[in-house]
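# Notes for the structure review
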Amino acid sequence: MLSLNSPLEELNRVGKTNAKLLKKLGLGNIQDLLFYFPYRYDDFTKNSLIADLEKGQNANIIGTVELIQNRKSFKRRIYVTEALVADESETIKIIWFNQAFLTKTLKVGDKISIAGLVSENNGQLAFISPQYEKVYDNNLVNTSGLIPNYHSTENLTQKQIRYLIKQVISLRTSVEDWLPYKIKDKLNLLDLSEALYKIHFPKSDEDVLSAKHRLAYNEIFLLCLKAQIVKEKLKKRQAQKIIFQKEKTKEFVDSLPFKLSDAQKKSAWEILKDLEKTTPMNRLLEGDVGSGKTLVAIMAILNTALNKEQSALMVPTGILATQHFNSLTRILAPYNFKIALMTGTKKPADYKDLDIIIGTHALIADKVKFDKLALVIVDEQHRFGVEQRQRLLNFNDNANKLTPHFLSMTATPIPRSLALTLYGDLDLSIIDEMPIGRKKIITRLVKEDNRNLAYEFIRKEIKNGRQAYVICPMIDESDRLGVKSVKAEHLKLNEEIFPELSVGLLHGKMKAKEKEIVMQEFLAGKISVIVATSLIEVGIDVPNATIMIIEGADRFGLAQLHQFRGRIGRSDLQSYCFLFPSREEISNPKTLERLDALTKYNDGFELAKIDLKLRGEGELYGLSQSGWPELQIASIFDYEIIKEAKNEIEILLSENPGLNNYPLLKNKLTELGYQTHSHLE
Ligand code: ADP
Ligand code: MG
């Protein structure tokens, strides 16, 4: 018997290989799959006549196969399957790549349903690599109605994912609906099982909307509730008092090659004042990319170390940890602090008499115990959840169990009022101005015809001593879409375009050591151009790099593109960002409008809003791509839901602080690692 906890291997058509691919998507058991939501739907609710099709339109047709055959493309060494499909109005060509088996499954005379983007082939309308299904009676799952699209990984098709979800959807009724009935009733929310059904198998737009609303409510409700619980706990904790070293801090600030911005001063002041208290600081430092958050963090670290207490700085990637390690070692050199680096591959011999430790989540994962950890700073906080904050509560091994002060830093733009509601447990400092002398990054959308001009421009800038990033969406050559893969792009730039320059490569599948070497050489100016995947997104700081090319720019969300772009414009030099859309999107007005926003706005918050607006109702994911792991469906712009949830939580906790009347909700929180009772505190 299948249950929610059954591993996916127990489903039909899931062998070792597929289980591995599913694991890659974070899917281990049936419950995971039920909560794996589509990110958009194709609207195939209406069938079109072939004669009515127009280029660029997403459409669904039903017709009969009149011809189907394979040929080998010599140029690209792959099989191409071509078919002609006819309905009563017209005939259209269908092309698939590398699916030679199709001539065995689809035969002349078969009635099939085809769904996908109408494109062109040799000047004639055609479907290229569309979804297809044989039509029997009423069997269509993939090509008729509102068809969900799921984020997938190589070698796992939409069809396979849909087939798996169809197998498990009946188990939705075993999922416990932990939201108190009172709230559901009052706010007119769907039952969880109904929402789960409708999100995967909607019959109409209304189904999508109501399901989305309930699931978004879930996410926000839990997020706010967890934050509230952590807040209550922290209030009862004790922290080490860090005495503000006024003179030494002033000396340090004076030794810097630049002046702090007023916003940096104000934030540092708020933080240092918090550290002087015996209740743990719990603060969020928010500032757009390049606003200089690290320096504010260093001032807190400096004061902690001068007080002979330990600090930890936690970052999302090994590259970033190394970068921070190097810059702290350099900036704090005169003080002779003991600074250590801890990544997946590097560990300090002993944690006991360190002053400062910098590391990835290995810091938490390895159950490291500290002796006198007084301050924990998490950089790029959006990569970590409230969960980590909760775990930090028990970080110290010392007898009196002092709780470290906590500071998280993020470039994710949220307005103050919203941040306070959403992360009610955090105090907030905002760096709302850039360091003096920064110039606006010049951003251009470049047509393919002008590619060489862009390269020429870059060559000239590099001759003047600058450096460049080239960002590509994928690692491996993907056959037909012309998606630039980093490796291919690296080869091209290194051998054809910039043979005279040193061009480096950086992607997630490289070994940590290799990545580090490339970054070091880039930082040292030995490499002029770095070709990278989205790995580069977070935190990297090479002020001399002033140029960025983003290939396949349409494949990224605006917020993410803004993060990429934040790698340049980090000094008083003029920086330039060139966006290249992928070939098949180059004339899609929606894509161009979206990318055009980047050329106009430099403000992360504005861009996030535009992104959401332009995507419209058809797309489900809020800002998850920009790194809110807790928010898959909800977005930080769901003001109404956030307000409602906050309100209901207040009522709930005031009536029933231990939540004992709500065992299902309590279970849910325990499952997530949150206890509402108090014997632990
Ligand atoms: P982020 O807020 O994105 O983490 P960083 O802290 O990495 O930004 O700072 C970006 C760059 O700006 C760094 O090279 C840093 O040395 C520099 N910087 C920080 N503060 C100032 C300042 N007040 N004036 C000039 N440059 C600064
Ligand atoms: Mg940073």
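Keep in mind that what you see is a predicted model, and the values were worked out from it rather than measured.

## Things to note about the environment of Phe258
Looking at the element boundaries, Phe258 is found in the loop between α8 (246-255) and α9 (262-275). Measuring from C-alpha to C-alpha, the distance between Phe258 and Pro435 comes to 8.9 Å, with 177 residues separating the pair along the chain.

## Topic: the sheet that holds strand β9 (residues 282-287)
Taken in spatial order, the seven strands of this open sheet run β11-β12-β10-β13-β14-β9-β15, and their pairing is parallel. One side of each edge strand has no neighbouring strand; the edge strands of this open sheet are β11 (339-342) and β15 (427-431). Neighbour to neighbour, the strand axes of the sheet diverge by 20 degrees on average, direction disregarded. The pairing of β11 with strand β12 (residues 356-359) spans four bridges and is parallel. By the bridge assignment, Ala340 is partnered in β12 with Ile357. In the packing of helix α10 (residues 293-306) onto the sheet, the strands contacted are β9, β10 (310-314), β12, β13 (373-378), β14 (405-410) and β15, and the crossing angle to β13 comes to about 175 degrees.

## Comments concerning unusual backbone geometry
A positive phi angle, near 50 degrees, is found at Asn122, a position not held by glycine. With respect to the secondary-structure elements, Asn122 resides in the loop between β5 (111-121) and β6 (124-128). We classify Asn122 as exposed; its relative accessible area is 72%. One non-glycine residue, Asn336, lies in positive phi territory at about 55 degrees.

## Describing the packing of α10 against helix α11 (residues 318-331)
Their axes nearest at 12 Å, the elements α10 and α11 cross at an angle of 60 degrees. Relative to α11, the element α10 lies oblique. With respect to the hand of their crossing, α10 and α11 are arranged in right-handed fashion. Across the interface between the two elements, Thr294, Leu295, Ile298 and Ile301 of α10 pack against His324, Leu328 and Ile331 of α11. By residue class, the composition of the contact of α10 with α11 is five nonpolar, two polar and no charged.

What counts, and where the lines are drawn
- Residues numbered from 1 in each chain as written.
- Chains lettered and ligands numbered in written order.
- Predicted model: local features only at pLDDT ≥ 70, side-chain atom pairs only at ≥ 80, totals over all residues.
- Heavy atoms only, no water.
- Helix = DSSP H or I, 4+ residues; strand = E, 2+ residues; numbered from the N terminus.
- Pairing = 2+ DSSP bridges.
- Axes fitted to C-alpha atoms, helices over the stretch in contact; angles between N-to-C directions.
- Contact = heavy atoms within 4.5 Å.
- Buried < 20%, exposed > 50% of the residue type's maximum accessible area, 1.4 Å probe, protein only.
- Parallel < 35°, antiparallel > 145°, perpendicular 65-115°, else oblique.
- Left-handed = near helix turned anticlockwise from the far one by under 90°.
- Nonpolar A, V, L, I, M, F, W, Y, C, P; charged D, E, K, R; others polar.

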